[in-house]
Amino acid sequence: MEPIAGDRLTGIETFVVAAEAGSFALAAERLKVTRSAVSKTIARLETRLGVRLLVRTTRSQTLTEAGQAFYERCIKALRELDDAQAALEAGHHEPAGRVRVSAPVIFGRRHVAPVLQELMKRHARLEFEISLTDRITDFVDDGIDLAIRSGSIADSSSLVARPLGSQTMIVCAAPAYLAARGKPAGLDDLAAHDGIVYARHGKVFPWSLRDTTGHAREIRIAHRLRYDDLEAIAAAAVDGIGLARLPIWLVYDHLQAGRLVRALDEADPVGAATRLVWPHTRYLPLKMRLVIDALLATLPPLLARRAP
């Protein structure tokens, strides 16, 4: 077998990132290089291999048949290299490198970012790229290493998921609002109340609440105020505008301070299962194990909180 020369690996990672990104511009952004650098690297790789890997137009980029076959083999090779590096790192004590993390906007800002920033203070060679978004990110297309997801996981066969807990939702209101309007005794009483609701792109999301038999019902409460931001809904509830249905982790401080109180007694409030998710791999790099352990130690107690 011909020995592997150093330059035979040149351009492989750039090619893989370009193939997955779908454009040289996005690949350049992920690799922290210029678009022209990506283009030149791919061109040199194609020249060295003597085959066209990508078909590029002004609007799109697609893999050739040879490019697709080469891509699949490159992915396997890079995965093996990653696993080999992870195995070597297992004996080291200082994590290094970048970890790309995706988390829901508010939960990520409040509870995930502080954990990661604390890790940065303790480990000088560790760095993070954090994407705060409420959409479900794609591990390949978005270049994500680790994500926090709520609800079902469609692509679970290729992922590892560790439970963090449930984002339990409660209906709450300011004491002054309930003093003026009364506390609803059950779901049917909600018809006499004003709500502050979550809406996005013109769509109002109903409340999912359990009745006395334990069955979930969708309630569309009357409202004059809607937001696409949960923190704004919480602030409006504190201001006495109406009833709000929010996760306990978001309003816990308001509940403890008495600015909000539980407005509806539910024996079994509806919640969304929340997990820490990452692509399946034989060996986890030290940097990933460190982040996963820190989040698993910190986040479950927050989600386990119950309304005072």
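Here, the structure is the one placed above.
Here the structure is a predicted model, which is why all the values come from computation and not from measurement.

So, how was this worked out
- Residues numbered from 1 in each chain as written.
- Predicted model: local features only at pLDDT ≥ 70, side-chain atom pairs only at ≥ 80, totals over all residues.
- Heavy atoms only, no water.
- Helix = DSSP H or I, 4+ residues; strand = E, 2+ residues; numbered from the N terminus.
- Buried < 20%, exposed > 50% of the residue type's maximum accessible area, 1.4 Å probe, protein only.
- Polar contact = N/O pair within 3.5 Å; in protein donor to acceptor, adjacent residues only side chain to side chain.
- Contact = heavy atoms within 4.5 Å.
- Phe/Tyr/Trp six-rings, centres within 6.5 Å; stacked < 30°, edge-to-face > 60°.
- Lys NZ or Arg CZ within 6 Å of the ring centre and 35° of its normal.
- Axes fitted to C-alpha atoms, helices over the stretch in contact; angles between N-to-C directions.
- Parallel < 35°, antiparallel > 145°, perpendicular 65-115°, else oblique.
- Left-handed = near helix turned anticlockwise from the far one by under 90°.
- Nonpolar A, V, L, I, M, F, W, Y, C, P; charged D, E, K, R; others polar.
- Salt bridge = Lys/Arg side-chain N within 4 Å of Asp/Glu carboxyl O.

**Q** Just checking my understanding: could you explain the side chain of Gln61 for this structure?
**A** Turning to its location among the elements, Gln61 is positioned in strand β2 (residues 61-63). Here Gln61 falls in the buried class, since its relative accessible area comes to 14%. Looking at Gln61, its side chain comes within polar contact range of the main-chain oxygen of Ala18, at 2.8 Å. Other than its neighbours up to four places away in sequence, Gln61 contacts Ala18, Ala19, Gly22, Ser23, Phe24, Leu54, Val55 and Arg56.

**Q** Teacher, can you tell me more about the packing of aromatic side chains here?
**A** The description of an aromatic ring pair uses the distance of the two centres, along with the angle that the planes make with each other. Under the definition given, this model contains three aromatic pairs. On the basis of an interplanar angle of 40° and a centroid distance of 5.5 Å, the ring pair of Phe15 and Phe70 is categorised as tilted. On the criterion of sequence distance, the pair formed by Phe15 in helix α1 (residues 12-21) and Phe70 in helix α4 (residues 65-89) is long-range, its members being 55 residues apart. For Phe15, a relative accessible area of 0% corresponds to the buried category. With a relative accessible area of 21%, Phe70 lands in the partly exposed category. With a centroid separation of 5.0 Å and 75° between ring planes, the pair formed by Phe107 and Trp249 is classed as edge-to-face. Of the two residues, Phe107 is situated in helix α5 (residues 105-122) and Trp249 in helix α8 (residues 248-257); the sequence distance between them amounts to 142 residues. Over the ring of Tyr252 we find Arg305, and its NZ or CZ is 4.3 Å from the ring centre.

**Q** Please clarify how the packing of α5 against helix α9 (residues 286-303) should be interpreted in this entry.
**A** In the contact formed by α5 and α9, the axes pass within 10 Å of each other and the chain directions differ by 140°. Judged by the angle between their axes, α5 and α9 are oblique. Once α5 is placed against α9, the crossing between them reads as right-handed. On the side of α5, the interface is formed by Phe107, His111, Val112, Val115, Leu116 and Leu119, while α9 contributes Leu290, Val291, Ala294, Leu295, Thr298, Leu299, Leu302 and Leu303. Looking at side-chain class alone, the contact of α5 with α9 contains 12 nonpolar, two polar and no charged residues.

**Q** Could you clarify how one ought to interpret unusual backbone geometry in this entry?
**A** The general pattern is negative phi for most residues beyond glycine and trans for most peptide bonds. At His201, a residue that is not glycine, the phi angle is positive and equals roughly 55°. Within the secondary structure, His201 is located in the loop between β7 (195-200) and β8 (203-204). A residue is classified by how much of its surface remains accessible, and His201, at 81% relative accessible area, is exposed.

**Q** Looking at this structure, I do not really get the pattern of salt bridges. What am I missing?
**A** Pairs can form between side chains of opposite charge once their charged atoms are near each other. Taken as a whole and assessed by the stated rule, the structure comprises 10 salt bridges. With its nearest N and O atoms 3.0 Å apart, the salt bridge here joins Glu231 to Arg109. Highlighted residues: Glu231 in helix α7 (residues 230-238) and Arg109 in helix α5, separated in sequence by 122 residues. Taking relative accessible area as the criterion, Glu231 reaches 26% and is therefore assigned partly exposed. The class for Arg109 is partly exposed, based on a relative accessible area of 42%. Note that Asp194 is salt-bridged to Arg181, the shortest N-O span being 3.0 Å. Of this pair, Asp194 sits in the loop between α6 (175-181) and β7 while Arg181 sits in helix α6, and the two are 13 residues apart along the sequence. Accessibility expressed as a relative area gives 37% for Arg181, which makes it partly exposed.

**Q** Even after reading the chapter, I still don't get α1, so can you show me in this structure?
**A** Note that an α-helix has 3.6 residues per turn; residues three or four places apart therefore point the same way. In terms of residue burial, α1 counts as a mostly covered element, since nine of its 10 residues are buried. Gly22 occupies a position one or two residues after α1 and carries a positive phi of about 90°.

**Q** Can you walk me through the environment of Ile233 in this structure?
**A** Mapped onto the fold, Ile233 is located in helix α7. The class for Ile233 is buried, based on a relative accessible area of 2%. Between the C-alpha atoms of Ile233 and His254, which are 21 residues apart in sequence, the distance is 13 Å. Apart from the residues within four sequence positions on either side, Ile233 is in contact with Ile196, Val197, Tyr198, Tyr227, Ala244 and Leu246.

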